[in-house]
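Close look at the chain arrangement
Each chain, written out:
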Amino acid sequence: MRIELATTPGTPARPNEDYASVAVPASGQGGSLVLLDGVTPPPDGTGCLHSVPWFTARLGGALGELSVSRRDLTLQDVLSEAIRRTAEAHRETCDLSHPRTPQATAVVARWDAEQFEYLVLSDSALLIEGRDGTVRAVLDDRLSRLPRSSLVSDAVADTTVRNKEGGFFTAAADPSVSARAVTGALPRSGVRAVAALTDGATRWVDRFREGDWTDCLTFLRKEGPQALIDRVRALETADTDRRFLGRGKRHDDAAVVYAEL
């Protein structure tokens with residue numbers, strides 16, 4: 001089994017809010033991966049005493065442990081319990097009802113000898129390559145389908161679409177959000193490789209159009225996750241007229257996990 005991961009902060013001046021982990025049980029019969037993209041907080045605060053990296057470390061750690069130790073739980077149940085645990089860790093000190101309480105996108109995948117399971121919540125991506133070389137992108141595209149007017153400012157998004165019906169959802173303090181995730185399962189025998197990418201890395205495809213999702217997975221197999229992030233950084237730096245980036249951040253935290261099963 002080949003497993004590689006890489007992550008790079010958007011700027012050295014800020015802590016990296018992405019989180020990535022992989023677990024391979026001692027039995028050698030399976031594994032799991034977790035990828036989170038912490039949502040950068042607004043300047044006026046989140047109602048929480050803790051940082052986004054604190055939150056993603058707590059949530060990511062719980063997801064990794066539960067996905068391996070609780071095989072009896074579905075991945076939706078795993079996410080729900082991980083959110084509950086994390087919320088309980090700071091409920092008494094923080095306002096978890098604040099719309100910008102620390103939160104993250106989530107990708108979780110788990111496999112054993114028989115089955116490959118997956119979960120995606122918000123705008124990180126999971127790529128699944130079949131034995132025939134076909135690549136499927138598992139995406140939660142609700143955010144990308146919203147009208148620009150609903151995302152014109154943090155205040156508008158928080159009031160109208162963030163973790164609201166008809167909007168988009170992230171893993172924050174409400175365990176029931178796990179029901180909103182995109183989930184599924186495939187026979188393990190039909191999966192050759194997988195890759196999870198935060199949106200700082202999916203820019204290779206969806207912003208800079210270096211190739212499609214199949215090309216992206218091929219690049220990862222040949223060059224590895226760090227090379228893909230480095231290529232994105234070079235493209236961001238070269239986009240001086242912001243032809244591709246538009247109003248987006250010049251550099252965003254980026255994380256990639258690649259695994260051959």
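Coordinates for the structure precede this section.
This write-up is about the structure you can find in this document. (Residues numbered from 1 in each chain as written. Predicted model: local features only at pLDDT ≥ 70, side-chain atom pairs only at ≥ 80, totals over all residues. Heavy atoms only, no water.)

Another aspect to go through is the sheet that holds strand E10 (residues 254–260). With antiparallel pairing, the five strands of this open sheet are ordered in space as E1-E10-E9-E6-E7. If you trace the sheet from one side to the other, it starts and ends with strand E1 (2–8) and strand E7 (135–139), each paired once. Taking each pair of neighbouring strands and ignoring which way they run, the sheet shows an average axis angle of 10 degrees. Pairing of strand E9 (residues 191–197) with E10 involves five bridges; the strand directions are antiparallel. Within E10, the position partnered with Ala 193 by the bridge is Glu 260. Along the sheet face, helix H4 (residues 199–206) touches strand E6 (125–130), E9 and E10 and points at about 75 degrees away from the line of E10. (Pairing = 2+ DSSP bridges. Helix = DSSP H or I, 4+ residues; strand = E, 2+ residues; numbered from the N terminus. Axes fitted to C-alpha atoms, helices over the stretch in contact; angles between N-to-C directions. Contact = heavy atoms within 4.5 Å.)

Spatially, the five strands line up as an open sheet ordered E2-E3-E4-E5-E8, and their pairing is antiparallel. The sheet terminates laterally at strand E2 (18–23) and strand E8 (182–187), the two strands that pair on one side only. Pairwise comparison of adjacent strand axes, ignoring direction, gives a mean angle of 5 degrees for this sheet. Pairing geometry for strand E5 (residues 115–121) and E8, over six bridges, is antiparallel. Its bridge partner being in E8, Glu 117 is matched across the sheet by Ala 185. Against the sheet, helix H2 (residues 75–88) engages strand E4 (104–111), E5 and E8, with an angle of about 45 degrees to E5.

Taken as a whole, this structure holds 22 salt bridges when the rule is applied. Among the ionic pairs, Lys 249 bridges to Asp 252, the shortest N-O distance being 3.5 Å. Overall, the relative accessible area of 41% leaves Lys 249 in the partly exposed class. (Salt bridge = Lys/Arg side-chain N within 4 Å of Asp/Glu carboxyl O. Buried < 20%, exposed > 50% of the residue type's maximum accessible area, 1.4 Å probe, protein only.)

Between helix H5 (residues 213–223) and helix H6 (residues 225–238), whose axes approach to 7 Å, the crossing angle comes to 120 degrees. Here H5 lies oblique to H6, going by the angle between them. Contacts between H5 and H6 pair Cys 216, Phe 219, Leu 220 and Glu 223 from the former with Pro 225, Ala 227, Leu 228 and Arg 231 from the latter. Residue composition of the contact of H5 with H6, by class: six nonpolar, no polar and two charged. (Parallel < 35°, antiparallel > 145°, perpendicular 65-115°, else oblique. Nonpolar A, V, L, I, M, F, W, Y, C, P; charged D, E, K, R; others polar.)

Next up on the list: the side chain of Arg 203. For Arg 203, the position within the fold is in helix H4. Here Lys 249 takes part through its backbone oxygen, which lies 2.9 Å from a polar atom of the side chain of Arg 203. Contact partners of Arg 203, with chain neighbours within four places excluded, come to Phe 208, Arg 209, Val 232, Glu 236, Leu 245, Gly 248, Lys 249, Arg 250, His 251 and Asp 252. (Polar contact = N/O pair within 3.5 Å; in protein donor to acceptor, adjacent residues only side chain to side chain.)

What follows deals with the pairing of strand E3 (residues 31–38). Successive side chains on a regular strand alternate, one facing one side of the sheet and the next facing the other. The element E3 is largely enclosed, with a buried count of eight among its eight residues. Side-chain alternation along E3 places Gly 31, Leu 33, Leu 35 and Asp 37 on one buried face and Ser 32, Val 34, Leu 36 and Gly 38 on a second face that is also buried. Inspection of the sheet shows E2 paired to E3 by six bridges, in the antiparallel sense. From the neighbouring strand, Asp 18 faces E3, where its bridge partner is Asp 37.

Now for the packing of aromatic side chains. Taken as a whole and judged by the stated rule, the model has three aromatic pairs. A centroid spacing of 6.2 Å and a plane angle of 20 degrees characterise the contact between Trp 111 and Phe 116, whose relative ring orientation is stacked. There is no split in this pair, since Trp 111 and Phe 116 are both buried. (Phe/Tyr/Trp six-rings, centres within 6.5 Å; stacked < 30°, edge-to-face > 60°.)

This part takes up the environment of Glu 114. Relative to the helices and strands, Glu 114 resides in the loop between E4 and E5. When the C-alpha atoms of Glu 114 and Gln 29 are compared, they prove to be 9.3 Å apart, with 85 residues separating the residues in sequence. Residues contacting Glu 114, with those up to four places away along its chain left out, are Leu 186, Pro 187 and Arg 188.

On to the packing of H4 against H6, then. In contact at an axis separation of 9 Å, H4 and H6 are set at 70 degrees when each is read in the N-to-C sense. What the angle tells us is that H4 and H6 run roughly perpendicular. Contacts from Gly 200, Ala 201, Arg 203 and Trp 204 of H4 reach H6 at Leu 228, Arg 231, Val 232 and Glu 236. Of the residues that constitute the contact of H4 with H6, the class distribution is four nonpolar, one polar and three charged.

Scope: geometric values only; no functional claims are made or implied.
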